[in-house]
Structures are given as structure tokens and as C-alpha cells.
Amino acid sequence: MKKTFLFVILIFFAGHLLIAQPACVKDVIYTLSLKQIPKARKIMEEECFPGNQSSADVWLVRANVFIKVHEYELDRQKKDQKYKIQWPDAIITANESFYKALELKSDIKTPAGLMDPKDGQLITAEVISELAAQAMDNKDFPEAIRLLNLVIRSYKASPRDYARYLAYAYLDLANCYKAIGDEENYKRILLEAARMNAPVPDIYLNLYDLYKQEGDTAKCGEILQQARKVIPDDLAIDVKGYELDYLAMIGDTEKLRDAALKMFEQYQMNPAVINIVAGHLVNNREYELAEEIINVGLSIAPEDFDLNQQMAFRFFYEALDYDKIVETLKGERKFTPAQEALNKANEILETALIWIEKAYNINQNDRQHNIMYRQVLVRLLKPVPEELQGKVDSYYKH
């Protein structure tokens, strides 16, 4: 008898709680409908939310309250620039509450007039992405990491529809880890992003750089193969440039030349691509072919710094090849041929200097170029301009 009585009491109190909870939720929803946003927030946080953290319905309504708080404060600030935001984390609270509601009850029903938890996560994720970008700009990488994890979790609510947004969020997250020197997480996040097969070139190119740094030629080839499958042709310029780098890395000079010419033919009106192709040809000691291609680019963009610098490299590196011949001939005590080779190197450097000076007049703040400029002037026994010397000296002060 006592057990039965106790059971009835428990049922009574449980029923009371079940009745009280919807009433609380309805009060908040009604207050929202009256556009009394601060009051709705107060009721939710002081009366409704405490003690009801296990209710998916409460979390859902709370999410809707805070997304309205976010909109309300932005609207007030727009109308009155002196208005100070009182709840700066409102959009984050909304996002976390939408997630919690769905976590507690995957088939939760959304009351009429409110935003459902899936859409809520996706909409708030866009705003949080902007906050993460601001944190990255401010070099606050721990905060950016926290926010980007919220973004990623949100976009996972609809991974197929938001695949590209999710991929970019992963890429930003990886770059944050790289910025703080966490190479392990940098690679881990890039690998997660790559598994999505999203058409975002930097994911695969960054992984290529990592594999190249690790000396894993096979993985370099594999990641480029994956990139070729998922990156559309109109976004594949950099991927094709990396393919040239890969061919150079494995020493396939014949394929490198063919691939470079094919890339040039496809993008011969694009100075940036011409510079990429020419750079690989110069590194492959295809100096005359590189010169022809650079001249095509210069006919389109004669004041392009990169192309003028690339022409300087074309002659500078050829001169360095002759310097190696000089050292070999000296070692063999063939001094007359060595002097002839030295004269040839200096002659080529005179041509290089023409292009070095032209590029310098376009852009006087490129460190690598300025160092090369001074080096060639000293080698050819020519005076070094005071301004150039000052720039080069500044590079070695720290």
C-alpha cells in the first residue's frame, strides 16, 4: 500500500514538471512573438532554462531567443552607433543551443514560427565564420580554432549541401594550427578535408607541400592524382603548376617539358601562368625555351614584375651554370678554358643585369630580387646604389 502511494506521488510530481515545462516554453515563445526580445531572454535565462537543461524543447527555444537577441542588437547598433552590445556571444549561444536540441532529440518538432535546429546551425555558422576570420586577422588563433570547430560541427548537419563551406572551414582551421606551430594537427585537419574530395585546390596543394617536406614522393603523386579528379579545369591552374614541380622532383625532364608546353598553350594569355611555366623551364635549364615563353608574356604585360624578374633569373641561372664549369676546369688546371667560361658567365650576367634593373624599377621591395641585384653588381665591379645597399643591409640586421 505504501509503495503504491509513493508511486502515485512520484507520478504526480513528474506530471507537474511536464506541465510546468511547456508553460514556461510557451511564455518565451509568446514574448518573442511580441518582439520583446530582451524580456524573452530574461525569462528564458532566469526562469525557463535553469533546471530544464535536459529538455530538447527548451534548448531549441533558447536557440531561437538568442538568434533574435543577436539580430536585435545589430539592429539597435545600426540605428544608434552609441549602443553597446550587451550580449556579444549571443550568436554562439544560439548555435550551441541549436546543436544541443538536436543532440538530445534527433526528431524534435519545431513550433510554428521558430527556426528548426538544423537550419539554425547552418545560418549561425555563417556568422561565426566571419567571427573566426576576424580572430585570424587579429592573430588570435586559439579563439579562431574554437570558433571554426563550431562552424565545422554546424556544417556537418548538412555535409553534402555544404561540402565546400565545410572544406574551407577545415582549411582555415588547419592554417590556424600551422600558425601556432602545431604541425601534427595541421596535417590531421588537412587529411580530414581531403577525404571530402571538395574542389578546393589549397587543401591538396598544402598536403603536397607537407609530403614534399617529408620526402614522400609517392604521396606527392597520390595527392596530385586526387586533386586532378576533383578540381575542375577552371580552378586547376595551381594544380597543374604543382604537377610540373612533381615531374621536376622525380627527374622526368621530358614529361616536364611536354607538360609545360601544354600548359603554356592552354594559358598563353595569362601572364601569371606563363611565369609559373617559365620558372619550371628555367629550373630545368631550358633557358632558350623559357626566354621565348617569357617574351610572349611580356608582350601582354611589359610592366609585370614577375615576368621581368623571371627573365633576369633565366640569365642569372645560366651564368651560374658557367660558374660551375669554371670551377671544374680550374680543378683540372685548364686555366685558359676556365677564363673563357668566366668571360661567358660575366657576359650573360650583363644581360641579366638589364632585366634585374628593369624589374627593380617596377618593384623595389622584393627581398630576393634586391639581394640578387646587389650580388650581380658586386660581381661585375659596378657601384651599388646607396638605397639598394641600405635595403640589403636591413635584411641581415635581425
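Data block above holds the structure.
What counts as what
Residues numbered from 1 in each chain as written. Predicted model: local features only at pLDDT ≥ 70, side-chain atom pairs only at ≥ 80, totals over all residues. Heavy atoms only, no water. Helix = DSSP H or I, 4+ residues; strand = E, 2+ residues; numbered from the N terminus. Axes fitted to C-alpha atoms, helices over the stretch in contact; angles between N-to-C directions. Parallel < 35°, antiparallel > 145°, perpendicular 65-115°, else oblique. Left-handed = near helix turned anticlockwise from the far one by under 90°. Contact = heavy atoms within 4.5 Å. Expected span 1.5 Å × (residues − 1). Buried < 20%, exposed > 50% of the residue type's maximum accessible area, 1.4 Å probe, protein only. Arc of directions from axis to C-beta. Phe/Tyr/Trp six-rings, centres within 6.5 Å; stacked < 30°, edge-to-face > 60°. Lys NZ or Arg CZ within 6 Å of the ring centre and 35° of its normal. Core = buried A, V, L, I, M, F, W, Y, C linked by side-chain atoms within 4.5 Å. Disulfide = S-S within 2.5 Å.

Enquirer: Help me understand the environment of R160 in this model?
Expert: Structurally, the position occupied by R160 is in the loop between α6 (141-155) and α7 (163-179). In the structure, R160 is positioned 59 residues away from A101 in sequence and 22 Å away in space, judged by C-alpha atoms.

Enquirer: Quick question: what am I supposed to make of the packing of helix α15 (residues 305-331) against helix α17 (residues 367-379) here?
Expert: For any two helices packed against each other, the geometry comes down to the angle between their axes and how far apart the axes lie. Two elements in contact, α15 and α17, have axes whose closest approach is 12 Å; the angle formed by their N-to-C orientations is 45 degrees. It follows from the interaxial angle that α15 and α17 lie oblique. The two elements α15 and α17 meet at a crossing, and its hand is left-handed. Across the interface between the two elements, F305, Q309, A312, F313, F316, Y317 and D323 from α15 touch Q368, H369, M372, Q375, V376 and R379 from α17.

Enquirer: Would you mind showing me how to read helix α12 (residues 253-266) here?
Expert: Structurally, the α-helix is built with 3.6 residues per turn, so residues lying three or four positions apart point the same way. For α12, with 14 residues, the first-to-last C-alpha span of 20 Å sits near the 20 Å given by 1.5 Å per residue. For α12, the full list of buried residues reads L256, A260, M263 and F264. For α12, the angular spread of the buried residues around the axis is 100 degrees, confining them to a single face. Residues of α12 that are exposed and angled more than 90 degrees away from the buried face: E254, K255, K262 and E265.

Enquirer: What should I look at first to understand the packing of aromatic side chains in this one?
Expert: Think of a pair of aromatic rings as described by two things: how far the centres are apart, and how the planes are tilted against each other in angle. One pass over the structure, following the stated rule, counts 8 aromatic pairs. Here F313 and Y317 contribute two aromatic rings whose centre-to-centre distance is 5.7 Å and whose plane-to-plane angle is 40 degrees, an arrangement assigned as tilted. Of the two residues, F313 and Y317 are both situated in helix α15; the distance of 4 residues between them amounts to about one turn of the helix. Aromatic side chains F316 and Y317 sit 5.6 Å apart centroid to centroid with 75 degrees between the ring planes, which places their arrangement in the edge-to-face category. Under the relative-accessibility criterion, F316 is labelled buried at 8%. Through a chain of ring-to-ring contacts, the aromatic side chains of Y155, Y162 and Y165 assemble into a single cluster. Of note, R314 hangs over the ring of F315, and the distance from its end group to the ring centre comes to 4.0 Å. Of note, R367 hangs over the ring of Y396, and the distance from its end group to the ring centre comes to 5.8 Å.

Enquirer: Just to check I follow, could you spell out the nonpolar core for this structure?
Expert: As a rule of thumb, soluble globular proteins bury nonpolar side chains together. Within the largest apolar cluster, 74 residues are counted, with the highest numbers of intra-cluster contacts made by V28, I203 and Y204. Apart from the residues within four sequence positions on either side, V28 is in contact with A40, I43, M44, C48, V61 and V65. Counting residues in hydrophobic clusters, the runner-up holds 41 residues, among them I274, M311, L349 and W355.

Enquirer: Explain the state of the cysteines to me, please; I cannot follow it from the model alone.
Expert: Put plainly, a disulfide is one covalent bond tying together the sulfur atoms of two cysteines. Tallying each qualifying case throughout the model produces 1 disulfide. At a sulfur-sulfur separation of 1.9 Å, the disulfide partner of C24 is C48. Taken together, the residues span a long stretch of sequence, with C24 in helix α1 (residues 2-33) and C48 in helix α2 (residues 37-48) at a distance of 24 residues. Just as C24 is buried, C48 falls in that class too.

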